[in-house]
Amino acid sequence: VVQGDKDQGLQLAQAAVAADPKSATALISRSYAEQARFDLTAARATVQRAVELEPNNALAWARLAELHSSFGDLDASLTAARRAVEINPNLSRTQTVLGFANLTSIKTQEAKAAFEKAISLDQADPLPRLGLGLALIREGELDRGSRTIEVAASLDPNNALVRSYLGKAYYEEKRSPLDEREFAVAKQLDPKDPTPWFYDSIAKQTTNRPVEALQDVEKAIDLNDNRAVYRSKLLLDSDAAARSASLGRIYSDLGFQGLALTEGWKSVNIDPTNFSAHRLLADSYSSLPRHEIARVSELLQSQLLQPVSLAPIQPRLAESDLFLISAGGPGALSFNEYNRLFTRDGLNLQASAQAGDRETKGQEIVVSGLKDSFAFSLGGYNFETEGWRTNSRQDDTIANAFLQKDFSPSTSVQFEYRSRDIDTGDLQMSFFNDGAFDQLTTSQKTDTYRLGFRHGFSPNSIILASLLYQKDEQHVRDTSDPTTVVDIMEPDTKAKGAELQHLYRSNRFSTVSGIGSYKLDRRQVTNFVIPDYIGTGDNFTSVDDVDASVEHTNVYLYAYLNVLKNLTVTLGASGDFFKSDGNTVTTTDDPFCIFDTTGLCVPFGGPVATMTSSSRSKDQFNPKLGVTWNPAPATTLRAAWFRVMKRAIIANQTLEPTQVAGFNQFYDDIEATNAKVYGVAIDQKFSRNLFGGLSGARRELEVPIPFLDPFTNTSQIVEKDWNEKLGRAYLFLTPHRWLALSAEYQYERFERTADSLNFGVQEATIEKVPLGVRFVHPSGITLGVKATHVSQDGLFTPKGGTCSPCMPGDTSFWLTDVVLSYRFPKRYGFLSVGATNLSDRSFQYQETDFNNPTILPRKMAFARLTLAIP
């Protein structure tokens, strides 16, 4: 086996077992031969038989602990390791295995004691020194830990695994290029091990070499199955998901956002329990319109699945509808680039600031800490701007506190508090933009409390729970029309929700099942005033006082079936049970009068009170079907058909899977909208430098539209048919290790009814062609230029008006965005300057994502600084 002759090794081991079936030594030998042939299941079963035959064999118990760890069964591994030491505490091997078992269970003191004992028993063994170095680093002693791993490497300089960890240690110490030197040596010593390729890609990404990093991480993915000798298939899938997640971040650095999305979907489908895959998908969704529910939901799932770490929680990322209108706000998503390769105790500070045109400024600061199995993160964020036109100002402040305690590697509890205070003018961009509401103001205060829980019954069975409570106050006032005053207040909105999810994984299939329950209680008071009504000197007033409640329960089950090695079928179903109740009290004071036969004025109006009540319930079954097929290693075909109902989601976050075969389920639709979605796509890697893809989807919507029945004076709900067609094509090229080129085509077609809730659009066709060039140099300089051609035509609603009828319009224009950035050495941060809409081009355009506009009819110059202080 040591010489690589796996077949001969297995034959000899089987012959030994045949000669003496009760020999633990023979069975242990066979387990090594089976492991060498990537059959970890058989290897563990063989060692379990050895333990049964010789329960006092210390080496057999140590070997069993190793194999339990390979399957991720850390509790069983620790139990077996302790038994091995009880039998014979004077073997370096048993002490070393116990040390690693304690280390994976975050018992660093016990781990150090075991490793030191092993070293005293065998001074020449490099493994306990490697373990001791890792334990010291986990406790925050990076220098001592790195020096200890150096000793391990000197004892066995041809050990590729030790070299890879030494490279990681140098990376943490920011000792470039020593880290890459060790990774290069490890690649030569074991060309089939993906580990050094993976870590080398991260080192190159953070030194501004994303093209080289892309090539390394793709190599790591290609080699991933070679680690089957060390890991079970389940853990192997986790490794693949982590590598795909890293690949996606490199794509983002290159401006290849379409590929980042593809890798995010692949990662989640490979391993729904991998937190980094969900985080990648959350970050990738940030660039897509109307994907806020999907983005913050993937972030929630990532947080619940993550182990304790020093990675900061950016305050703004968990909040939806950020209205950021200037280059993504302070920090963008850059904090992710500074996560450590080693989990180690300590404090971390990351900060970002931005300034720009039109009194735009923003700040974000996060302090995070880790001690043993406890982690915290405290952050604050503020963004202010006067906007791109009159009364498009914004003042947004968010605070966040996050606490997490891991009671064991399988059990974790976390608490999060978020506070948001936002004050804005009129942020909506309509096609007929001369109708801006110059006196419209909106203020909102929201407090969100979240309690999360994770427990792993076994490495392939995990349960998640999330409890949410939210309080919200909102005030909207519009005096743009001097003849009418509208004042809308929601003084006390309360929402609470609970979700429970189970994740199961096996070699042939995975399942995600869960249940959720939400309740929302809202009171809205609308004051409508017409001053000096018809010259009477008195005001006409109308007050609508609405009490409404919404209850929504959902259940779901998704199964990911690995029918063939290159074919995954997603089968799923969900059920929604929706109910809403409401009471409306309307009080009207009408000073209008009529004249009697004598010419005297008789009051016609006076105080009038009416009450209406409405309730609605809807139950819906939603089938899900998705297929992902790789007919060739470089080709991915996807297709999906499913139905979904827009739920009353608290804080826009849910644990239910957000996508089926890469097609998004949860758009920012009107509550209780029923959507049927059909989609097909192909992603192709033409060469290691050229990528392309096509996708198309159709959404058939049944949208609940309320209207007031004048005969019964009650609110009615009518479902209107809306349709959407979405298409995308992309072509990405890296012709040189310093250059990345991108070309995309984006298509949207909207068909809606001519009513007051159509978001300004009755019909619209939108086409965008972004063309990008990105120059990245190892010196740290990056220059990105993107020119986008936009065309739009359709029927639009005049701002503040109704479609009676809608008015036609069409537009066509080019936009140019440019950014120049410098990445500081040793990963201390970066500085960027740039501008969106560089030519200051004015245009007419109907924004289809009201909450997150993507283009601006004015130039916005900005400068942004991000610092990471370990």
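Residues numbered from 1 in each chain as written. Predicted model: local features only at pLDDT ≥ 70, side-chain atom pairs only at ≥ 80, totals over all residues. Heavy atoms only, no water.

Side note on the overall build of the chain
Our working rule: Runs of H or I in DSSP of at least four residues are treated as helices and runs of E of at least two as strands, each being numbered from the N terminus. By definition in these notes, contact holds between two residues if any of their heavy atoms fall within 4.5 Å. Accessible areas in this description were obtained via Shrake-Rupley with a 1.4 Å probe; residue shielding takes into account the shown protein chains only.
Looking only at helices and strands, one finds 17 helices and 26 strands in the chain. Taking contacts inside the chain between residues at least 6 apart in sequence as the whole, the part at least 24 apart equals 62%. Total accessible area on the chain is roughly 35,500 Å²; 57% of this is exposed by carbon and sulfur atoms.

A word on the packing of helix H6 (residues 92-104) against helix H7 (residues 108-121)
The line we're drawing: Axis lines are fitted through C-alpha atoms, for helices just across the contact stretch, and the angle between N-to-C directions can take any value from 0 to 180 degrees. Our angle categories are set so that under 35 degrees counts as roughly parallel, over 145 as roughly antiparallel, 65 to 115 as roughly perpendicular, and the remainder as oblique. Throughout, a crossing is termed right-handed when the near helix is turned clockwise from the far one, and left-handed when it is turned anticlockwise from it by less than a right angle. Basically, the charged four are Asp, Glu, Lys and Arg, the nonpolar ten are Ala, Val, Leu, Ile, Met, Phe, Trp, Tyr, Cys and Pro, and anything else, Gly included, counts as polar.
In the contact formed by H6 and H7, the axes pass within 8 Å of each other and the chain directions differ by 160 degrees. As far as their axial angle goes, H7 and H6 are roughly antiparallel. Like other packed secondary-structure pairs, H6 and H7 cross with a definite hand, here left-handed. Seen from H6, the contacting residues are Ser92, Gln95, Thr96, Leu98, Gly99, Phe100, Asn102 and Leu103; seen from H7, they are Thr108, Glu110, Ala111, Ala114, Phe115, Lys117, Ala118 and Leu121. Class assignment of the residues belonging to the contact of H6 with H7 gives a composition of eight nonpolar, six polar and two charged.

Considering the environment of valine 761
Along the polypeptide, valine 761 turns up in strand E22 (residues 761-776). If we skip the residues at most four places from it in the chain, valine 761 touches Phe750, Arg752, Leu795, Phe796, Thr797 and Gln846.

Concerning the nonpolar core
Applicable threshold: Think of a nonpolar core as a cluster: buried Ala, Val, Leu, Ile, Met, Phe, Trp, Tyr and Cys residues, connected wherever their side-chain atoms sit within 4.5 Å. Think of it in three bands: residues with accessible area under 20% of the maximum for their type are buried, residues over 50% are exposed, and the middle band is partly exposed, with areas taken using a 1.4 Å probe on protein chains only.
In terms of nonpolar packing, the biggest core is built from 26 residues, with Trp61, Leu64, Ala81 and Leu98 touching the most fellow members. When residues of this core are traced back to their parent elements, those giving at least two are helix H2 (24-36), helix H3 (40-53), helix H4 (58-70), helix H5 (74-87) and H6. Ranked by residues supplied to this core, first place goes to H4 with six residues.

Quick word on the packing of helix H10 (residues 160-172) against helix H12 (residues 195-205)
Contact pair H10 / H12: the axes reach a minimum separation of 10 Å and the direction vectors enclose 15 degrees. Here H12 runs roughly parallel to H10, going by the angle between their axes. Handedness of the crossing formed by H10 with H12: left-handed. Taking contact as the criterion, the partners of Ser164, Lys168 and Tyr171 in H10 are, on H12, Thr195, Pro196, Tyr199, Ile202 and Ala203. By residue class, the composition of the contact of H10 with H12 is five nonpolar, two polar and one charged.

Let's talk about the environment of glutamine 205
The test is simple: In protein, a polar contact requires one atom able to donate a hydrogen and another able to accept it; more generally it is a pair of N or O atoms within 3.5 Å, and residues adjacent in sequence count only if both atoms are side-chain atoms.
Here glutamine 205 is to be found in helix H12. What makes glutamine 205 buried here is its relative accessible area of 11%. Glutamine 205 sits 48 residues away from aspartate 253 along the chain, and the two C-alpha atoms are 8.3 Å apart. Leaving out residues up to four positions away in the same chain, glutamine 205 has contacts with Ala213, Arg249, Ile250, Asp253 and Arg823. Of note is the side chain of glutamine 205, whose polar atom sits 3.0 Å from the side chain of aspartate 253.

Notes on the side chain of threonine 635
As for its position among the elements, threonine 635 is in strand E15 (residues 635-645). Assessed through its relative accessible area of 11%, threonine 635 is described here as buried. A polar contact is formed between the side chain of threonine 635 and the side chain of glutamine 684, at a distance of 2.5 Å. Beyond its immediate stretch of four places on either side in the chain, threonine 635 contacts Trp629, Asn630, Ile682, Asp683 and Gln684.

A look at unusual backbone geometry
Residues serine 176 and proline 177 are joined by a peptide bond in cis, for which omega reads 10 degrees. By secondary structure assignment, the location of proline 177 is in the loop between H10 and helix H11 (178-189). Phi at arginine 358 is positive, roughly 55 degrees, even though this residue is not glycine. Structurally, arginine 358 can be placed in the loop between strand E1 (346-356) and strand E2 (360-371). Judged by relative accessible area, which is 23%, arginine 358 ranks as partly exposed. Even without being glycine, alanine 661 reaches a positive phi, approximately 55 degrees.

Examining a negative patch on the surface
Applied cut-off: Nonpolar side chains (Val, Leu, Ile, Met, Phe, Trp, Tyr) within 5 Å and like charges within 9 Å form the patches, drawn only from residues with over 30% relative accessible area and no salt bridge. The working definition used for a salt bridge is a side-chain nitrogen of Lys or Arg within 4 Å of a carboxyl oxygen of Asp or Glu. All tallies of charge rest on Lys and Arg as positive and Asp and Glu as negative; His and the ends of each chain are not included. Charged groups are reduced to one reference atom each: NZ for lysine, CZ for arginine, CG for aspartic acid, CD for glutamic acid.
Taken together, Glu473, Asp492, Asp521, Asp547, Glu551 and Asp581 make up a surface patch of like negative charges. By the element assignment, aspartate 581 lies in strand E11 (residues 567-590). Take aspartate 581: its relative accessible area is 32%, and that puts it in the partly exposed class.

Some thoughts on the confidence of the model for the chain
Rules: A score from 0 to 100, pLDDT tells how confident the predictor is in each residue.
Mean pLDDT over the chain: 85, with 89% of residues reaching 70 or higher. Segment residues 325-335 is flagged for pLDDT under 50; beyond a separation of four residues in sequence, or across chains, it makes 50 contacts in the model. Overall, residues 593-605 carries pLDDT values under 50, and its contacts beyond four positions in sequence, including any with other chains, amount to 15 contacts.

Describing the packing of aromatic side chains
Selection rule: Whether two aromatic rings pair depends on their centres lying within 6.5 Å, for rings of Phe, Tyr and Trp, where Trp uses its six-membered ring; planes under 30 degrees apart make the pair stacked, over 60 edge-to-face, and the rest tilted.
Enumeration over the complete set of coordinates arrives at 18 aromatic pairs. Centroid distance phenylalanine 843 to tyrosine 845: 6.5 Å. Interplanar angle 80 degrees. Geometry classified as edge-to-face. Like tyrosine 845, phenylalanine 843 is buried. By way of ring pairs, the aromatic residues Tyr251, Phe256, Phe691, Tyr730 and Phe732 are connected into one cluster.

Here we look at the pattern of salt bridges
Evaluated as defined, the whole model comprises 48 salt bridges. Between glutamate 172 and arginine 344 there is a salt bridge whose closest N-O contact spans 3.0 Å. Of the two residues, glutamate 172 is situated in helix H10 and arginine 344 in the loop between helix H17 (292-305) and E1; the sequence distance between them amounts to 172 residues. Under the relative-accessibility criterion, glutamate 172 is labelled buried at 6%. Judged by relative accessible area, which is 11%, arginine 344 ranks as buried. Two residues, glutamate 292 and arginine 295, come together in a salt bridge whose shortest N-O distance is 3.1 Å. Of the two residues, glutamate 292 and arginine 295 both sit in helix H17, three residues apart, roughly one turn of that helix. We classify glutamate 292 as buried; its relative accessible area is 6%.

Topic: a nonpolar patch on the surface
On the surface, a cluster of nonpolar side chains totalling about 820 Å² of accessible area is made up of Phe775, Ile781, Leu783, Val785, Leu820, Tyr822, Leu831, Val833, Leu865, Leu867 and Ile869. Tracing the sequence through the fold places tyrosine 822 in strand E24 (residues 807-823). With a relative accessible area of 31%, tyrosine 822 lands in the partly exposed category.

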